[in-house]
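# Structural description and commentary
Here is what each chain is made of, one letter per residue.
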Amino acid sequence: MATPSPLLVIDLAEMRDRLAAGKAASSARYYTTALKRLEAFNGEPVLDLSRLTPGYIAGFRDYLIREKIAPTTVAQLLRCLRAAFKTVYGPERRAEFKRVFADVESANPKATPRLSTDELQKLALANLDGIEFLQKIRDVFMLAFYSGGLPLERLKKEIASLKTRGVDQQMQILRQFPLKHRTEAEDFIRSVSPEAYEKALDTIAYKLRLAGGLRPEAAATSWVEIARAQGISDDVAAAAATDETSFRCNLIKRNTPTAEMVRHTLERVANAIVDTVPRWYVMRCHDGSPQDTAERIRRDALPRGDAFFDTFTAPEGDTRTDKDPDKRIMAKMLFFHCTPDVAAHIRKTVATSAYVFTLAGSKTPAFIPDNEMRTFMFLCNVGASTIAYHFPAYEPKNIKELKGKTARITDGHFAGTRCLVESLAKERYKVVVRIAALGNLKITAEIPEEFLSFENE
């Protein structure tokens, strides 16, 4: 049986003096500060090495943040602490040393002044511990990003025009800003100094653990990277990006852009980060009826006052039965229509009372394509007014020209059956079809045009 290593007690003051004597003055300052701070956190000048755990180091990091030390300085002090204790542990305790300091970088991470799509999505939706100033700064950064990488000083000059010509994501930020922060975005942006902006972005990067940090110029470099990831050529990106972004990222504007080209490019990049198109989702309600759950969401669970949120539940006549298990399940289902960011917020908010269906292996709510949701509503036998309400842009193609055509029914009670279209039905979206059954017997039925597949298609 192996003999456990003897416990080591470290005199932090003696360790501090020894390191100060053996280091250059510029680096000794950081080692001295790190050990002084550790002594204050430890509560006494001696430290039993057995107390050092990943949790202890994490607690020390949080202590430094509470002391209002800048995140970049915190990282530097932790790296000095790691280097100082490496010799204390020695080769025989190398595995333990690596375990204790696993979350501390051994050297300055390579600067990456751009964010990935995932990091930008995380940034756009993060609560940032509810710290209002950081939320405001985040919104300023996203406004700059969505504009193709506007620098702060230029954003101050152009913020007013974004209220009328910004992409949907910018309009959403500008609408929400006074609701969340009780001040206009324009007033706040003009009050922010470049130094305060940079420092706040540094803090945000630490809180969100953004590996490459977050600097003002990342609004430009990240925009170009996302544009390229979307398959947008540098030519087109240069047409939509700001002059500052083009210069920083070596983009050459070879063509004179049309307004449509610029708008389309800005929208495409913005939609890659925050999709503003409402989609259908579904949840299973555990606590209360779908109708009660919908009312609670409208009252308490929406992330902002102007958030779009609509719902659909299967008619009670289709769900109230003890014999059909599928219909009993459907009685608990609430279908809801909203933007992806609102759906993600609702999933978190209703977690204890309902389950929002998500993509496999993910926390992202899974959306239902519009055509499938419309088919489901038709199968529920809802009226034309309900379809028109939920799908105002839907209009069957050439429904008046279908008379006399042969088709196959794809959904509903007659799925798989061939039929002949006789006329338009009284109810919008439907046609009257004739179906051959039981030999020479002919029956007619009203079928949604969407349930028909024509032989020449």
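Residues numbered from 1 in each chain as written. Predicted model: local features only at pLDDT ≥ 70, side-chain atom pairs only at ≥ 80, totals over all residues. Heavy atoms only, no water.

### Re the overall build of the protein chain
Each helix and strand counted, the protein chain has 20 helices and 11 strands in total. The burial tally for the protein chain puts 42% of its 457 residues in the buried class. At a minimum sequence separation of 6, the contacts of the protein chain that also span at least 24 residues come to 64%. For the protein chain, the exposed surface amounts to about 24700 Å²; the carbon and sulfur share of it is 51%. (Helix = DSSP H or I, 4+ residues; strand = E, 2+ residues; numbered from the N terminus. Buried < 20%, exposed > 50% of the residue type's maximum accessible area, 1.4 Å probe, protein only. Contact = heavy atoms within 4.5 Å. Areas by Shrake-Rupley, 256 points an atom, 1.4 Å probe, with all protein chains shown as cover.)

### Considerations on the packing of aromatic side chains
Tallying each qualifying case throughout the model produces 20 aromatic pairs. On the numbers, 5.1 Å between centres and 75° between planes, the contact of Y355 with F357 is edge-to-face. Residue Y355 is classed as partly exposed on the basis of its relative accessible area, which comes to 42%. Residue classification places F357 among the partly exposed residues on the basis of a relative accessible area of 32%. In this structure an aromatic cluster arises from ring pairing among F41, Y56, F60 and Y63. Between R279 and the ring centre of F367, over which it is positioned, the NZ or CZ distance is 4.5 Å. The cationic tip of R374 hangs over the ring face of F391; the distance from NZ or CZ to the ring centre is 5.2 Å. (Phe/Tyr/Trp six-rings, centres within 6.5 Å; stacked < 30°, edge-to-face > 60°. Lys NZ or Arg CZ within 6 Å of the ring centre and 35° of its normal.)

### As for the confidence of the model for the protein chain
Chain-level statistics for the protein chain give a pLDDT mean of 84 and a share of 89% at 70 or above. Mean pLDDT across the elements of the protein chain bottoms out in helix α17 (residues 325-330) (62) and peaks in helix α7 (residues 132-146) (95). (pLDDT = per-residue confidence, 0-100.)

### Regarding the layout of surface pockets
Of the volumes computed, that of the largest pocket is approximately 1400 Å³. In terms of lining residues, the largest pocket is bounded by 43 residues, among which Q121, A124, L125, D341 and A344 are the most central. Mapped onto the lining of the largest pocket, the elements with two or more residues apiece are α6 (117-125), α7, α9 (168-181), α15 (259-273), β3 (279-285) and α18 (340-349). Grouping the amino acids of the lining of the largest pocket by side-chain chemistry returns 19 nonpolar, 11 polar and 13 charged. (1 Å grid on protein atoms, 1.4 Å probe; cavity = no way out; pocket = protein on both sides within 12 Å on 5 of 7 lines; lining within 4 Å. Points joined across faces, edges and corners; volume = space filled by probe spheres on them. Nonpolar A, V, L, I, M, F, W, Y, C, P; charged D, E, K, R; others polar.)

### Some points on the packing of α7 against α9
Taken N-terminus to C-terminus, the directions of α7 and α9 make an angle of 160°; their axes are 10 Å apart at the nearest point. The pairing of α7 with α9 is recorded here as roughly antiparallel in orientation. When the axes of α7 and α9 are compared, the crossing they make is left-handed. Residues E132, Q135, K136, R138, D139, M142, L143 and Y146 of α7 pack against Q169, Q170, I173, L174, F177, K180 and H181 of α9. (Axes fitted to C-alpha atoms, helices over the stretch in contact; angles between N-to-C directions. Parallel < 35°, antiparallel > 145°, perpendicular 65-115°, else oblique. Left-handed = near helix turned anticlockwise from the far one by under 90°.)

### Describing unusual backbone geometry
A positive phi angle, close to 55°, is found at L128, a residue other than glycine. Along the chain, L128 turns up in the loop between α6 and α7. A positive phi is found at N381, a non-glycine position, where the angle reads about 65°. Within the fold, N381 resides in the loop between α19 (370-379) and α20 (384-390).

### Regarding the nonpolar core
Counting 55 residues, the largest nonpolar core has F141, F145, L214 and W223 as its most contacted members. Sort the elements by how many residues they give to this core and α7 lands first, with 9 residues. Judged by nonpolar contacts, the second largest core, of 32 residues, contains F335, C380, Y429 and I435. (Core = buried A, V, L, I, M, F, W, Y, C linked by side-chain atoms within 4.5 Å.)

### Regarding the sheet that holds strand β7 (residues 406-409)
Across the sheet, which stays open at both edges, the 5 strands sit in the order β10-β9-β8-β7-β11 with antiparallel pairing between neighbours. The sheet is open, and its two borders are formed by β10 (441-448) and β11 (452-454), each paired with just one other strand. Ignoring which end each strand starts from, the neighbouring axes of this sheet average 45° apart. With 3 bridges joining them, β7 and β11 adopt antiparallel strand pairing. What sits directly across from R408, in β11, is S453. (Pairing = 2+ DSSP bridges.)

### Observations regarding the pattern of salt bridges
Applying the stated criterion to the full structure yields 24 salt bridges. Among the ionic pairs, R215 bridges to E217, the shortest N-O distance being 2.8 Å. For R228, the salt bridge is made with E225, and the minimal N-O distance between the two is 3.3 Å. Pair noted here: R228 and E225 are both in helix α12 (residues 218-229), with a separation of 3 residues, about one helical turn. Taken together, the salt bridges that share partners define one network made up of R114, E225, R228 and D234. (Salt bridge = Lys/Arg side-chain N within 4 Å of Asp/Glu carboxyl O.)

### Brief notes about helix α11 (residues 194-207)
In this model, α11 (14 residues) spans 20 Å end to end at C-alpha, consistent with the 20 Å of a helix rising 1.5 Å per residue. Along α11, the positions that sit buried rather than exposed are Y197, A200, L201, D202, I204 and A205. On its buried side, α11 packs onto α4 (71-89), α6, α7 and α8 (152-165). Once α11 finishes, R209 follows within two positions and takes phi at roughly 55°, a positive value. (Expected span 1.5 Å × (residues − 1).)

### Structural notes on the environment of A425
Inspection of the secondary structure assignment puts A425 in the loop between β8 (418-424) and β9 (430-437). By relative accessible area, which is 12% here, A425 ends up buried. As for A425 and I447, which are separated by 22 residues in sequence, their C-alpha atoms are 8.4 Å apart.

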